[in-house]
Each structure stands twice: as C-alpha cells, then as structure tokens.
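# Reading the structure
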Amino acid sequence: MPRKTRSALYILGVIIVVAGIVVYFGPRVQGDSVPQAGVDGSHTPELDSTSSGVTLRQIHSPGTVERDLTLPAGQCHMIVVDADAGEYLPDQTCTPGAVDPAVTQESIDATICVSGYTSTVRPPSTDTNKIKTMELAAYGIAYDKTIELDHQIPLELGGANSVSNLWPEANTSTATTVNNPKDQVENDLKTAVCDHTVTLIAAQTAINSNWVTAETVLGLSR
C-alpha cells in the first residue's frame, strides 16, 4: 500500500476515535432524563415549586382518593410526640403531603374560604374506608374507632385527596371520638389564611412539616 494511502487511513482513524469520545462524554440530551420513581415505582406526581422554595405534590382529585402511592403492610412508622395529648406525626416517607392545584392564594376567597367548601371535595366513606384499611396496615396499627383517616394537609387548607396526603391519626389517651387536637390547629390556620394573616403556602408548609408546632412557627397564638 502506498505510503500516502496509509497516512490518510491513519488520520481518518484518529478522527473517528476522537469523534466517538466526544459523543460518548458530551452533554446528554435533556429528553433522555429519567423521571424519579414514587414509593410504588410509578412516576411522582407534578410538583409545585413556589417562590419560597417549598415544593409540594399537586394532585387534583375532588370527591375521590387518588392512589398515587402503594404502601405495603408495616412499611410506615408513626412519630410519637406526646401520646397522652394525642400528638402524633405521620411518616414523611409514606405521607409526604399533597395539595390541590385548584386552590391557590388567588383563589382562596372562592374555594376554601367559602362556607361548606370541604363538603364539595370530600370523598365518600365508600372510598375512604378502603384507603383507611390500607393505611392502618401500612402503619401497623390496629383499628380503633378514635383513629381518624386524616388529611395531613387538610381540605380546608387546600389539601389533596390522595394516599400521599392521608394517614391514620391516633388520638388522645382519653378520646372517645375521632375529634382530635389537630382539628383545632387546622381551624386556626384556615382562619389565619382567610383573614390574610398568613399565606396559604406558609400554612400548608407548616402543618405538613409538623402540625404540633405549626402555629408557633407561623407566629399565631392560641
């Protein structure tokens, strides 16, 4: 083979190798990214990034429970703050909380601040009873008539109807009904939001993080 031909082939080979390295180590196409999986292996629901940097799941499912997570029995662990006082917190992995995107700061006067709003979006017991059975098993808790299937971010603060926002909330040591201490906190926060004392996202974030300290964090007195 003539020397010039061999040189040309050598140079061509070097070009091909360099091009291959650039393609392999170059920037990835954005569309190739893989969505993060949820607890059940499904893609996580749409997330809302607010100006405050807080991120909450967004699920719009009025009147029905969205099964966005699958929770195997014994997977979740309740956090006990004060058992006698009925101060329990959910497992954030199993109950990360979720909000309804239809309820925004701009829409509160036409949604959560309207009397009777929650009755228009609350799921029927035929739906929630099935979810409660699953949640009790997931948290390893035996049925008790004083345990409420609770919206972690309540409907009155724009909470979503979803497995990710529901948990079996234990009650005080002397309770005889499902009425519990968190109920008053929910009412106080709704009042503050509708009075424009605190913002909707601030109330949602505080109660989702820790309902026991939510009012203190928001500077509200009881």
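For the structure, see preceding data.
We now turn to the structure provided with this report. It should be emphasised that the depicted structure is a prediction, and the values quoted were computed from it without experimental measurement. (Residues numbered from 1 in each chain as written. Predicted model: local features only at pLDDT ≥ 70, side-chain atom pairs only at ≥ 80, totals over all residues. Heavy atoms only, no water.)

Glancing now at the overall build of the protein. Helix and strand counts for the protein stand at 6 helices and 7 strands. Starting at the N terminus and ending at the C terminus, the protein contains elements arranged as α-β-β-β-β-β-α-α-β-β-α-α-α. Looking at the 222 residues of the protein, the share that counts as buried comes to 39%. Here the analysis covers contacts within the protein between residues at least 6 apart in sequence; of these, 68% occur between residues at least 24 apart. Counting only carbon and sulfur atoms, one obtains 57% of the accessible surface of the protein, whose full area is about 12300 Å². (Helix = DSSP H or I, 4+ residues; strand = E, 2+ residues; numbered from the N terminus. Buried < 20%, exposed > 50% of the residue type's maximum accessible area, 1.4 Å probe, protein only. Contact = heavy atoms within 4.5 Å. Areas by Shrake-Rupley, 256 points an atom, 1.4 Å probe, with all protein chains shown as cover.)

A complete count under the given rule lists 3 salt bridges for this structure. Taking the shortest distance from any N to any O, the salt bridge between arginine 57 and aspartate 68 comes out at 3.1 Å. Residue arginine 57 is found in strand β2 (residues 55-58), and its partner aspartate 68 is found in the loop between β2 and β3 (79-82); the two are separated by 11 residues along the sequence. Note on arginine 57: relative accessible area 11%, which makes it buried. By relative accessible area, aspartate 68 is classed as buried at 8%. The network of salt bridges with shared partners includes Asp150, Lys182 and Glu186. (Salt bridge = Lys/Arg side-chain N within 4 Å of Asp/Glu carboxyl O.)

Once that is clear, we can look at the environment of threonine 197. Mapped onto the elements of the fold, threonine 197 is located in the loop between α4 (181-194) and α5 (200-209). Between the alpha carbons of threonine 197 and glycine 219 there is a distance of 9.8 Å; along the sequence they are 22 residues apart.

Looking at chain direction, β3 and strand β4 (residues 87-89) are connected through 3 bridges and run antiparallel. Within β4, the position partnered with isoleucine 79 by the bridge is leucine 89. With antiparallel pairing between neighbouring strands as the criterion, β3 and β4 make up a hairpin whose turn holds 4 residues, including glycine 86 at a positive phi of roughly 70 degrees. (Pairing = 2+ DSSP bridges.)

This paragraph deals with the packing of α4 against α5. At a minimum axis separation of 9 Å, α4 and α5 run at an interaxial angle of 165 degrees. It follows that α4 is roughly antiparallel to α5 by the angle criterion. Here the hand of the crossing between α4 and α5 comes out right-handed. Residues Lys182, Val185, Glu186, Leu189 and Val193 of α4 form the contact with α5, whose own contacting residues are Leu200, Ala203 and Ile207. (Axes fitted to C-alpha atoms, helices over the stretch in contact; angles between N-to-C directions. Parallel < 35°, antiparallel > 145°, perpendicular 65-115°, else oblique. Left-handed = near helix turned anticlockwise from the far one by under 90°.)

As a further point, take the state of the cysteines. In total, this model carries 2 disulfides according to the counting rule given. Each sulfur in the disulfide pair cysteine 76 and cysteine 94 lies 2.2 Å from the other. Handedness of the cysteine 76-cysteine 94 disulfide follows from its S-S torsion of about -100 degrees: it is left-handed. One end of the pair, cysteine 76, is in the loop between β2 and β3; the other, cysteine 94, is in the loop between β4 and β5 (98-99), and 18 residues separate them in sequence. (Disulfide = S-S within 2.5 Å.)

It is worth spelling out unusual backbone geometry at this point. With a phi close to 65 degrees, histidine 196 is a non-glycine residue in the positive phi region. Here histidine 196 is to be found in the loop between α4 and α5.

Bringing the environment of aspartate 91 into the picture now. Inspection of the secondary structure puts aspartate 91 in the loop between β4 and β5. Take aspartate 91: its relative accessible area is 12%, and that puts it in the buried class. Sequence spacing of aspartate 91 and tyrosine 139 is 48 residues, and the spatial spacing of their C-alpha atoms is 8.5 Å. Apart from the residues within four sequence positions on either side, aspartate 91 is in contact with Gln75, Cys76, His77 and Tyr139. At 3.0 Å, the side chain of aspartate 91 and the backbone nitrogen of histidine 77 are in polar contact. (Polar contact = N/O pair within 3.5 Å; in protein donor to acceptor, adjacent residues only side chain to side chain.)

Read these as geometric descriptors, not functional statements.
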